[in-house]
Amino acid sequence: MQTAVLVVAIGVLAIIAFGDVRTRRIPNVLGLARMTLAGDPVATVHTIEASTAVFAAAFLLFWRHVLGGGDAKLVTAMALLIGYQDLLSFLFLMSLCGGALAIAILARDKLCPGFWRVSRSARMPSATEATGCIAGAARSTVPYGVAIAAAGVITLILKSPLTK
């Protein structure tokens, strides 16, 4: 049963990452199924406490416009799915994936400025863009949902009973 949850989670994370790259939007996700199947009430309580702390930190980052709302939801859902035991390694791996993604986007923007604006076609143009009066280059964004999903997939695979 744990393997089925792992396979479904990886599939859902792949869809979320693709959607984040394409539209910069992340749908609502649910990570409580793993805790229900685990059957360990103490671990469930610790995971909920840790996930609450992750949500509080992610909400503060969202409030300060550092992180998107979907990213805050996704990192909280991943905390619920991964569990408190592997949460710090997940967060560390997520920051590594996010850093690599940001460096790749910066390199892309330096090599081909304005050519790869994926998010521009996925959203409504602003009034300035609609009239063609773009004063400067649009600010690049990092689809951090990709980093969260990648770190989640790696963490889930490494903690899977199949790899032990």
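Counting starts from 1 at the beginning of each chain's written sequence and moves along it residue by residue. Since the coordinates come from a predicted model, pLDDT governs what is reported: local features require at least 70, and pairs of side-chain atoms require 80 or more to be given and counted, while whole-chain, interface and lining totals use all residues. Derived side-chain values reflect all non-hydrogen atoms in the structure, with water molecules and hydrogen atoms excluded from consideration.

Quick notes on a nonpolar patch on the surface
In step 1: Candidate patch residues must exceed 30% relative accessible area and have no salt bridge, after which like charges are joined if within 9 Å and Val, Leu, Ile, Met, Phe, Trp or Tyr side chains if within 5 Å. Accessible surface is estimated by sampling points in the Shrake-Rupley manner with a 1.4 Å probe; for residues, cover comes only from the protein chains shown. By definition here, a salt bridge exists when the distance from a side-chain nitrogen of Lys or Arg to a carboxyl oxygen of Asp or Glu is within 4 Å. Among the surface-exposed residues, F55, F59, L60, F62 and W63 lie close enough to one another that they form a single nonpolar patch of about 540 Å² accessible area.
In step 2: For helices the rule is a DSSP run of H or I covering at least 4 residues; for strands it is a run of E covering at least 2, with both sets numbered from the N terminus onward. Inspection of the secondary structure assignment puts W63 in helix α3 (residues 41–63).

Considerations on the confidence of the model for the chain
In step 1: Mean pLDDT over the chain: 78, with 71% of residues reaching 70 or higher.
In step 2: The predictor reports its confidence for every residue as pLDDT, a score running from 0 up to 100. When the elements of the chain are averaged for pLDDT, helix α7 (residues 127–130) gives the smallest value, 44, and helix α5 (residues 87–111) the largest, 93.
In step 3: Within the model, the stretch residues 126–136 combines pLDDT values under 50 with six contacts to residues more than four positions away or in other chains. Whether two residues are in contact is decided by their heavy atoms: any pair within 4.5 Å suffices.

Focus: the environment of V75
In step 1: With respect to the helices, strands and loops of the structure, V75 is situated in helix α4 (residues 69–82).
In step 2: Partly exposed residues are those whose accessible area sits between 20% and 50% of the maximum for their type, while under 20% is buried and over 50% is exposed, using a 1.4 Å probe and protein chains only. For V75, a relative accessible area of 5% translates into the label buried.
In step 3: For the pair V75 and F55, spaced 20 residues apart in sequence, the C-alpha separation works out to 7.6 Å.
In step 4: Non-local contacts of V75, meaning those with residues more than four positions away in its chain, are made with V54, A58, F90, L91, M94 and I148.

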